[in-house]
Amino acid sequence: MVSAVIKNWDKKNWLSSRNYIHKFNNFLLKAKKLNSSSKILDIGCGRGKILGHLSSKLRLKNKPIGIDLVSHKDRDKRINFKKIDALSFFSTNKEKFDLILVKQTIHLMKFNKIKSLLVKMNENLKPNGEIFILTLDPHKNEIPNFSLMKIELLKSLKRDLKILKFISKLYPKRIIKNFSYKVEITKKKYIDMVSERFISTLLGFNNKQIVTGIKQIDLKYKKKLRFNDKLVCIIIKNI
Ligand SMILES: C[S@@+](CC[C@H](N)C(=O)[O-])C[C@H]1O[C@@H](n2cnc3c(N)ncnc32)[C@H](O)[C@@H]1O
């Protein structure tokens, strides 16, 4: 687990592309019925592009709330953004939500924090509200990597699996779904992403390790990278 902040996750790559956001929100709306009156919270929203698009698509009457530890200058203006830690948010929040989204963020938290957050999220759901927690698929991961990155990624995926089991034990009635997105990206762009340490696995590496890793990626992959970005989604209904 890393404590450094993630700043370049959804910075002009497939994760912030119109197509990805469109497909992801279609996945969400297929799994959860929402309408213009729905209240939505996104924990660890990053630049808030997913939430902003969802707000437009549903013509939300209430701006959805997005919280994150990092406040990006280029964040989506269609959301009500709060720069705050997830647990601290709930110490003052009085709203109840139809959907609480935690996408690719739970792995950055310690187990005792995850447990407290699950309790708080449940307390802040409307009667038909649901929590959607998404994390990298720990079994079928295809993220392009270099040798050291692979080691760290596997460690992180092992922990993700523990988190998924932990949540499933606490909420045995949870539902599991899968989201997969076909990524096509130039090697050059992916190398840029690696040099900007887009994923938490890369945050602990020093510059020399990143440079060596980039050389390995350059040798290992063709000009165009094609892979599936696969996520597991745990859905918890109000109990
Ligand atoms: C990998 S990014 C995912 C961003 C976005 N959910 C997405 O999927 O595109 C993880 C985000 O969670 C935020 N984050 C990590 N720990 C957090 C916490 N305790 N409270 C709020 N945000 C947090 C990070 O700052 C980062 O923006």
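Keep in mind it's a predicted model, so treat the numbers as computed, not measured.

Some thoughts on the pattern of salt bridges
Okay, step 1: Counted according to the given criterion, the structure contains 13 salt bridges.
Okay, step 2: Among the ionic pairs, Lys224 bridges to Glu184, the shortest N-O distance being 3.8 Å. Remark: Glu184 occurs in strand S6 (residues 175-186) and Lys224 occurs in strand S7 (residues 224-237); sequence separation between them is 40 residues.
Okay, step 3: Taking the relative accessible area as the measure of exposure, Lys224 reaches 40% and is therefore partly exposed.
Okay, step 4: One connected set of salt bridges, linked through shared partners, spans Lys32, Glu130 and Lys237.

A closer look at the sheet that holds S6
Okay, step 1: The 7 strands lie next to each other as S3-S2-S1-S4-S5-S7-S6, forming an open sheet whose pairing is mixed. The open sheet is flanked by strand S3 (80-83) and S6, the only strands paired with a single partner. Here the average twist between neighbouring strands, direction ignored, is 20°.
Okay, step 2: Bridge count for strand S4 (residues 97-103) against strand S5 (residues 125-136) is 6 bridges, and the pairing is parallel. Across the sheet, Ile100 pairs through a bridge with Ile131, a residue of S5.
Okay, step 3: Packing of helix H1 (residues 18-31) onto the sheet brings it into contact with S4, S5, S6 and S7, and relative to S6 it is tilted by some 170°.

Digging into the site of the ligand
Okay, step 1: Near the ligand you find 17 residues, and of these Trp9, Gly44, Asp68, Asp85 and Lys103 are the closest.
Okay, step 2: Between the ligand and Asp85 there is a distance of 2.8 Å, counted from a nitrogen atom to a side-chain nitrogen or oxygen.
Okay, step 3: Measuring from a nitrogen atom of the ligand, one finds a backbone N or O atom of Ala86 at 2.9 Å.
Okay, step 4: Relative to its free-state accessible area of 610 Å², the ligand is covered by the protein chains to the extent of 95%.
Okay, step 5: For the shell around the ligand, the class distribution of residues is 9 nonpolar, 4 polar and 4 charged.

Focus on the packing of aromatic side chains
Okay, step 1: Tallied over the full model, the rule gives 14 aromatic pairs.
Okay, step 2: Here the aromatic rings of Trp14 and Phe227 are separated by 5.4 Å at their centres, their planes lie at 85°, and the arrangement is edge-to-face. Taken together, the residues Trp14 in the segment before H1 and Phe227 in strand S7 connect sequence positions 213 residues apart.
Okay, step 3: The class of Phe227 is buried, set by a relative accessible area of 6%.

Some words on helix H7 (residues 207-220)
Okay, step 1: For H7, with 14 residues, the first-to-last C-alpha span of 20 Å sits near the 20 Å given by 1.5 Å per residue.
Okay, step 2: Taken together, the buried positions of H7 are Ile210, Gly213, Ile214 and Ile217. When H7 is viewed along its axis, its buried side chains cluster within an angular range of 105° and face the same direction. Pointing more than 90 degrees away from the buried face of H7 are the exposed residues Lys208, Lys215 and Leu219.
Okay, step 3: Where H7 is buried, its residues meet helix H6 (187-195).

Quick notes on the nonpolar core
Okay, step 1: Counting 47 residues, the largest nonpolar core has Trp14, Tyr20, Phe24, Tyr190 and Leu202 as its most contacted members.
Okay, step 2: Look past the residues within four positions of Phe24 in its chain and what remains in contact with it is Ile50, Leu101, Lys103, Leu134 and Phe179.
Okay, step 3: Formed by 26 residues, the second largest nonpolar core is a distinct cluster that contains Ile43, Ile100, Met109 and Leu164.

How each quantity is defined
Along each chain, residue indices are assigned from 1 in the same order as the chain's sequence is written. Under the rules for a predicted model, residues below a pLDDT of 70 receive no local features and side-chain atom pairs below 80 are neither given nor counted, while totals for whole chains, interfaces and linings still include all residues. Only heavy atoms go into the side-chain values, all of them from the structure, while hydrogens and water stay out. The working definition used for a salt bridge is a side-chain nitrogen of Lys or Arg within 4 Å of a carboxyl oxygen of Asp or Glu. Under the DSSP-based scheme used, a helix requires at least four consecutive residues in state H or I and a strand at least two consecutive residues in state E, with every element numbered from the N terminus. The buried label goes to any residue with under 20% of its type's maximum accessible area, the exposed label to any with over 50%, and the partly exposed label to all in between, with areas taken from a 1.4 Å probe on protein chains only. Should DSSP find at least two bridges between two strands, the strands are regarded as paired. Axes, fitted as lines to C-alpha atoms, cover a helix only where it is in contact. Angles between the N-to-C directions of the axes lie from 0 to 180 degrees. Throughout, a residue-residue contact means that at least one pair of heavy atoms, one from each residue, lies within 4.5 Å. Only heavy atoms are used to decide nearness, and a residue is near a molecule or strand if one of them lies within 4 Å of it. Two N or O atoms count as a polar contact when they lie within 3.5 Å, although within protein this holds only if one can serve as hydrogen donor and the other as acceptor, and sequence-adjacent residues are included solely when both atoms are side-chain atoms. Only the protein chains shown count as cover for residues, and the accessible areas themselves come from Shrake-Rupley with a 1.4 Å probe. Throughout, the ten residues Ala, Val, Leu, Ile, Met, Phe, Trp, Tyr, Cys and Pro are labelled nonpolar, Asp, Glu, Lys and Arg are labelled charged, and all others, Gly among them, are labelled polar. Each Phe, Tyr or Trp ring, with Trp reduced to its six-membered ring, pairs with another whose centre is within 6.5 Å; inter-plane angles below 30 degrees give stacked pairs, above 60 give edge-to-face pairs, and intermediate values give tilted ones. Expected helix span is given by 1.5 Å per residue-to-residue step, counting one fewer step than there are residues. By definition, the arc is the one covered by directions from the helix axis to the C-beta atoms. The term nonpolar core refers to a set of buried residues drawn from Ala, Val, Leu, Ile, Met, Phe, Trp, Tyr and Cys, joined through side-chain atoms within 4.5 Å.

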